[in-house]
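Observations on the model geometry
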Amino acid sequence: MSEKARQKTAIVIGAGVGGVSTAARLAHAGFQVTVLEKNSFTGGRCSLIKTDSGYRFDQGPSLLLLPRLFHQTFEELGTTLEKEGVELRKCEPNYRIWFGDGVDFEMSTDLTRMKTEIEKWEGIDGYERYLGWLQESHRHYELSVEHVLLKNFTSLADMLRPSFLMHLFTLHPFESIWTRAGKYFWTERMKRVFTFGSMYMGMSPFDAPGTYSLLQYTELTEGIWYPVGGFHRVIQALVDIGERKGVEYKLNSAVSKIVLDDKGLRAVGVEIEGGDVMRADVVINNSDLVYAYTSLLATSPSASPTPYAESLAKRPASCSSISFYWGLSQKVPGLEAHNIFLADEYKKSFDAIFKKHLIPDAPSFYVNVPTRVDASAAPEGKDSVVVLVPVGHLVDEPSAAKKKDGIVADGPTTGGELKGGTTSETIQTVSPYRQPGVQPSKVQDWPAMIALARQTIISTIQTRTGVDLGPLIVHEETNDPITWKQKFNLDKGAILGLSHSFFNVLSFRPSTRARKGSPFLDGRFGGGVLGRLSELVGDLGRWDRDIKGLYMVGASAHPGTGVPICLAGGKLVAEQVLQDLRAEVPWEAKKERVRRVGKLDKEERPMPLGLDSEFMSIVAVIVWAVAIYICAVIYI
């Protein structure tokens, strides 16, 4: 038997960041890996849109955060970002945040600039409180990386690890980002500045666990970076590494079914659209997790979803977006590489998105101008602009809907008749009476809704910055909840997968090992918290709770969404595959960096910071009390 024939084989479904990183790691460990991708490009949402006229847009992510996870991935594959030709440029300032009252706030890694900005609104004491917030967020960041992102949670028992439990309350998972920010920032303006980052997790700051302050912490301490050539440059480097190690990429190859053995206990391969079957020792799914359980693991194309698939579909999902990709005829002043426009009705706009699943009347939104850090994103003297407007994920058709000129509304509208989104209308003018937005239903007239959102955004940018982008747009493309769903099989068009509330993370999040459904447990208590708890508790006693040889990686599996988090997920899944097959994990054998310690570098740790002064205070109080007691005894 040839050496190649003795290789373990793996099939990866989907060439998103989780898929390509897992493929590269398994190939590095000696597997023969094939990646099947339904689209004609790699990267999934982390891909590029290019035009013949020279404009380039990041279709999804445009900020590189948590750089240590990127560097770690490449180093464990025996290379570095630099060796792979990936150039990272630091974005400075991080953001310019625009408010409706004409004020803008500049966020930066430069402490001098942040001191000036914060003291402007919070006074001299405000900067000290900012440093306190950084300290708390530092703990959130370091503890999350060590005990959550780089650790697997395969069952409820994993949440009982002492190393995790001892830090649970330090992570503040039961308080919101907004509540924690309020401990340090006392003005409404600063609370908004230090909470909008929850949008990256597809959550409202009023609901997102306080732990996620780590996102803005890494921006403020490690910086925001941009890969020259677009974010996909990082993904392409992982593809290149994988191909050098033998990974085969098959594009335009949609998988229609994950093939199980006769007993449904083990994955043995996949069926490609057209009927061809490919077999492998292990299958790693990087398509949308809910889609995989609902469609790829269905017993037949016409079969109803399993109770477990239905319970997953009922879980809270993240938001969707309307994303605009604009090529401008000239450079525009005033806008930085990253800009945030915050809604005046901050809480109401988030409630509209995450509780009512609407396209809000006046949303907060993000504007990226990549040409500020990478001139190659547009022809010389011109700008590329990406606008991301968070909106509710897709919902079913409104039950009592009225449909006028293609736009669905739940009741009477303001602003007269619906005209399909003419340039004089905004979302607010067509919103149903007493409803702060429009439902993003599957029957929505999306061209009309996009036109309304477009006018809302252009009007807001012009009002706050003085720049009218409308006449400058010479190239335009869009994504909306429908296209996100169709292009990437995203359940409900939710761009960040399942929600990241406490009962949707850790052991509560779908496991990286595919779960075999249970007719006795699944769906008994619905898709809510009680249903998830009953599944987890019941699974503790099941010997057949996993589908052998099938693994899940990506935004809706543990550890969660975001490019660096999915890289961490790729590491966890690759290690799990190798451990299940009792194979060596090659990157574990790498020697840890030895810190050079010279005569001047030896540590002499004092009493814990703060305890020395506290100890002396206690001693002083005791001495004072004893002195008073002695005096009392003598003189009384």
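Residues numbered from 1 in each chain as written. Predicted model: local features only at pLDDT ≥ 70, side-chain atom pairs only at ≥ 80, totals over all residues. Heavy atoms only, no water.

Things to note about the packing of aromatic side chains
By the definition in use, this model includes 28 aromatic pairs. Between F41 and F488, the aromatic rings sit 6.3 Å apart at their centres with planes inclined by 75 degrees, giving edge-to-face as the arrangement. One end of the pair, F41, is in the loop between β2 (32–36) and β3 (48–50); the other, F488, is in helix α15 (residues 481–488), with 447 residues separating them in the sequence. Given the relative accessible area of 27%, F41 is considered partly exposed. Look at F488 and you get buried, because its relative accessible area is 10%. By way of ring pairs, the aromatic residues Y127, Y130, W133, F185 and F194 are connected into one cluster. The side chain of R189 reaches across the aromatic face of F99, ending 4.8 Å from its centre. Cation over ring: R515 sits above Y308, and NZ or CZ is 4.5 Å from the ring centre. (Phe/Tyr/Trp six-rings, centres within 6.5 Å; stacked < 30°, edge-to-face > 60°. Helix = DSSP H or I, 4+ residues; strand = E, 2+ residues; numbered from the N terminus. Buried < 20%, exposed > 50% of the residue type's maximum accessible area, 1.4 Å probe, protein only. Lys NZ or Arg CZ within 6 Å of the ring centre and 35° of its normal.)

Brief notes about the UniProt feature "domain: Amine oxidase" (unreviewed entry) in the protein chain
The positions UniProt marks with the feature "domain: Amine oxidase" (unreviewed entry) are residues 18–293. Helix makes up 37% of residues 18–293 and strand makes up 18%, while its end C-alpha atoms are separated by 17 Å. (UniProt positions renumbered as here; feature names shortened; annotations may be inferred.)

Some words on the pattern of salt bridges
Scanning all chains against the criterion turns up 33 salt bridges. Across the salt bridge formed by R244 and E84, the nearest N and O atoms sit 2.8 Å from each other. Taken together, the residues span a long stretch of sequence, with R244 in helix α9 (residues 232–244) and E84 in the loop between α2 (67–76) and β5 (88–91) at a distance of 160 residues. Between E122 and R129 there is a salt bridge, with the nearest N and O atoms lying 2.5 Å from each other. Each of K90, E92, R96, D104, E106, R113 and E336 takes part in one network of salt bridges that share partners. (Salt bridge = Lys/Arg side-chain N within 4 Å of Asp/Glu carboxyl O.)

Section: the pairing of strand β13 (residues 282–285)
Across a regular strand the side chains alternate sides, sitting on one face of the sheet and then on the other. Where burial is concerned, the two faces of β13 agree: the one with V282 and I284 and the one with V283 and N285 are both buried. Pairing geometry for strand β1 (residues 9–13) and β13, over four bridges, is parallel. Bridge pairing in β13 links A10 to V282. Bridge count between β13 and strand β24 (residues 546–552): three bridges; the pairing is parallel. Directly across from I284, in β24, lies its bridge partner Y551. (Pairing = 2+ DSSP bridges.)

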